Amino acid sequence: MPFQTQVVPSAPEAHRTPLLIVIVPEAARPDSLRPLDSQSGGALERCYGAGDFAGKKDETALLYPEGDRPRLLLVGIGKPDDLRSAIRRAAAVGAKRARTLGVPEAALFVTPEAGGSLSGREIGQLTAEGAAKGAWHFPDFKQPPEEKKPSLERLDLLASADVVAFREGHQIGAAIAEGQVFCRRLQILPGNHLPPRKLAEAAAELAHRFGHGITVLDREGIEREGMGALLAVAQGSSEEPRFIAIEYAGAGGPPVVLVGKGVSFDTGGVSIKPAQGMEDMKYDMSGAAAVLGAFEMLGRLRPKLSVVGLIPSAENMVSAAAMRPGDVVKSHLGKTIEIVNTDAEGRLLLADALSYARRYSPACVVDIATLTGAISVALGHTAAGLMGNNETLTRELIEAGRRADERVWELPLWDEYKELNKSEIADVKNTGGRAAGSITAGWFLREFVSGFPWAHVDIAGTAYTDREDAASAKGPTGMGVRLFCEFLLARS
Ligand code: BES
Ligand code: MN
Ligand code: ZN
């Protein structure tokens, strides 16, 4: 059974559960927990009184009240600058702990002292998102099942006031959470389990589940379209490329187009990558996964706007048939590209998708891609890079990222940087050298943008993590799903 949350109108002391997660501020025992405490034989008072728990960020305390009262798990939020992010995170910490404890079900309560100025609607959304994030894991390839413990299947979100608004928020949060779960699963699947063909099947399955439109081009179809840059990336692999277009029509008018990089595995090609850490290049389809995650949300919430997802997908391999440094190819837009470095493959296939987007006369186009290692040099693993040609659009994305706690930070696309992509032999070359590597990649994409507002989100530093922490597992982060959901919902 997959993990699910549900809203239960109940005070914490009135709810029966094997584990009650209680989110608290950095302060003395909240007054709102008095009834729960007296029912628990003063377990909270003893814990706080002994100085064993202060409610700092990520701090937890597990209490075993006497009698048949549920175990209590206190989770602190500290003194946060961003309360929304703190509540989401605390829900994740609680859910992750519940999963490792091995309880099949649990309940979660945000004390009013912790929730502060947040509305019931916000708390409903944030706890649904956070809980799903914390509970996520991927045991599918482990056999026999690593853990004999039951897995956490249900988390009751207790709403003691504002129940209608709480439910509304929860519905939004749960839909976004499902999008993130969908995204993370695709992300973690290795290259041999999710070649372009399978990615397209996953997109088609998602589309059929919700009645989204879906078109998948195979190699022949891609040739007929004249997507020479996508074909160049694909030509070294025995895995066939795919070009995926998924469409959600929730309103008339020009659609928002989301473009996701779908490189199922990136060896670098002839400009091959070092062996160290190359296994992480299974995550090079994280942009595609984020786009599909957004379509999971769209299917569940059906907001009033139209959205198209475009996913160029290929495997970047080394072989006798692979593209070579120096090759010149003709893109879908008609511009010729000198391929100086075969490891700069993402911008190649994205170029063809950006050109394909013209046919929708889009309201705007946002692409998302694990595009450059340089973005981690600039921003680390804390924020994604943002570039674009339209200030209103970039501002919208920055705001959405703030709300979603998937931050994006803008880098400039000044004309001086454009020069770095000049080719001796073709219209443009696919690398601009080491300096400003993320920006020259952005400029390359911009060469294929014609007449619509466009933004580019570089998630190479944020799509996956090698750090396990209290709120989340190692591996895929689902970066981009919450960002896109907030962005799209604000436009609907
Ligand atoms: N997929 C990589 C970018 C990447 C690097 C993602 C590290 C995640 C972690 C991309 O295709 C790539 O190889 N970019 C090159 C560009 C260079 C050759 C101009 C890079 O960043 O080194
Ligand atoms: Mn590459
Ligand atoms: Zn790549």
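So, a few notes on the structure that sits alongside this text. (Residues numbered from 1 in each chain as written. Chains lettered and ligands numbered in written order. Predicted model: local features only at pLDDT ≥ 70, side-chain atom pairs only at ≥ 80, totals over all residues. Heavy atoms only, no water.)

**Concerning the pairing of strand E18 (residues 454-458)**
Within E18, 5 of the 5 residues are buried, leaving the element largely enclosed by the surrounding structure. Burial of E18 is two-sided: the residues Trp454, His456 and Asp458 facing one way and the residues Ala455 and Val457 facing the other way are all buried. Of the strand pairs in this sheet, strand E15 (residues 384-388) and E18 are connected by 4 bridges, and their pairing is antiparallel. Residue Met387 lies in a different strand from E18, and its bridge partner there is His456. (Buried < 20%, exposed > 50% of the residue type's maximum accessible area, 1.4 Å probe, protein only. Helix = DSSP H or I, 4+ residues; strand = E, 2+ residues; numbered from the N terminus. Pairing = 2+ DSSP bridges.)

**Details of the packing of helix H6 (residues 163-188) against helix H16 (residues 481-491)**
Contact geometry for H6 and H16: axes closest at 9 Å, N-to-C directions at 140°. With respect to each other, H6 and H16 are oriented oblique. Where H6 crosses over H16, the two elements pack in a sense that is right-handed. Between H6 and H16, the residues in contact are Ile172, Ile176, Gly179, Gln180 and Cys183 and Val481, Arg482, Cys485 and Leu489, respectively. Of the residues belonging to the contact of H6 with H16, the class tally is 6 nonpolar, 2 polar and 1 charged. (Axes fitted to C-alpha atoms, helices over the stretch in contact; angles between N-to-C directions. Parallel < 35°, antiparallel > 145°, perpendicular 65-115°, else oblique. Left-handed = near helix turned anticlockwise from the far one by under 90°. Contact = heavy atoms within 4.5 Å. Nonpolar A, V, L, I, M, F, W, Y, C, P; charged D, E, K, R; others polar.)

**Some points on the coordination of the manganese ion (ligand 2)**
Protein coordination at the manganese ion (ligand 2) comes from Asp266 (OD), Asp343 (O), Asp343 (OD) and Glu345 (OE), with a distance range of 2.0 to 2.2 Å. Read in sequence order, the donor residues for the manganese ion (ligand 2) give the motif D-x76-D-x1-E. A separation of 3.2 Å is found between the manganese ion (ligand 2) and the zinc ion (ligand 3), which share Asp266 as a coordinating residue. With Asp266 in strand E10 (residues 262-266) and Glu345 in the loop between strand E13 (336-338) and helix H11 (346-356), this pair connects stretches of sequence that are 79 residues apart. (Donors = N, O, S within 2.8 Å, 3.2 Å for Na, K, Ca; no water.)

**Describing the site of ligand 1**
Neighbouring ligand 1 are 16 residues, the closest being Lys273, Asp284, Asp343, Glu345 and Gly373. One nitrogen or oxygen atom from the side chain of Glu345 is found 2.8 Å from an oxygen atom belonging to ligand 1. Considering ligand 1 on its own, with 510 Å² of exposed area, one finds that the protein chains cover 78% of that surface. Of the residues in the shell around ligand 1, the class split is 4 nonpolar, 5 polar and 7 charged. (Near = heavy atom within 4 Å. Polar contact = N/O pair within 3.5 Å; in protein donor to acceptor, adjacent residues only side chain to side chain. Areas by Shrake-Rupley, 256 points an atom, 1.4 Å probe, with all protein chains shown as cover.)

**Focus on the coordination of the zinc ion (ligand 3)**
Listed as protein donors to the zinc ion (ligand 3) are Lys261 (NZ), Asp266 (OD), Asp284 (OD) and Glu345 (OE); their distances from the metal cover 1.9 to 2.4 Å. Classification of the site at the zinc ion (ligand 3) rests on its 6 donor atoms, whose angles at the metal span 78 to 174°, yielding the label octahedral. When the donors of the zinc ion (ligand 3) are listed by position in the chain, the intervening gaps give K-x4-D-x17-D-x60-E. (Tetrahedral: all angles 85-135°; square planar, octahedral: opposite > 155°, others 65-115°.)

**A few points about the pattern of salt bridges**
This structure, assessed with the given rule, holds 35 salt bridges. Across the pair Glu122 and Arg84 runs a salt bridge whose closest N-O atoms are separated by 3.2 Å. Of the two residues, Glu122 sits in helix H5 (residues 120-135) while Arg84 sits in helix H3 (residues 83-101), which places them 38 residues apart along the sequence. Arg84 sits in the buried class, given a relative accessible area of 16%. For Glu296, the salt bridge is made with Arg209, and the minimal N-O distance between the two is 2.9 Å. Here the residue Glu296 occupies a position in helix H10 (residues 286-301), and Arg209 occupies one in helix H7 (residues 196-210), the gap between them amounting to 87 residues. (Salt bridge = Lys/Arg side-chain N within 4 Å of Asp/Glu carboxyl O.)

**Considerations on the side chain of Ser472**
Here Ser472 is to be found in the loop between strand E19 (464-465) and strand E20 (475-476). We classify Ser472 as buried; its relative accessible area is 10%. At 3.1 Å, the side chain of Ser472 forms a polar contact with the side chain of Arg184. Not counting residues within four places of it along the chain, the set of residues in contact with Ser472 comprises Lys96, Lys133 and Arg184.

**Looking at helix H15 (residues 437-446)**
Spacing of three or four residues puts side chains on the same side of an α-helix, whose turn is 3.6 residues. Counting buried residues along H15, 9 of its 10 residues qualify, which places the element largely inside the surrounding structure. Along H15, the residues classified as buried are Gly437, Ser438, Ile439, Thr440, Ala441, Gly442, Trp443, Phe444 and Leu445.

**Some details on the packing of aromatic side chains**
The final tally for this structure, using the stated rule, is 7 aromatic pairs. For the ring pair Phe444 and Phe448, a centre distance of 5.1 Å and an interplane angle of 45° mean the geometry is tilted. Here the aromatic residues Phe243, Tyr356 and Tyr360 are joined through ring pairs into a cluster of three or more. Here the basic side chain of Lys335 rests over the ring of Phe448, its NZ or CZ set 5.9 Å away from the ring centre. One Lys or Arg, Arg359, reaches over the ring of Tyr356 and ends 3.7 Å from the middle of that ring. (Phe/Tyr/Trp six-rings, centres within 6.5 Å; stacked < 30°, edge-to-face > 60°. Lys NZ or Arg CZ within 6 Å of the ring centre and 35° of its normal.)

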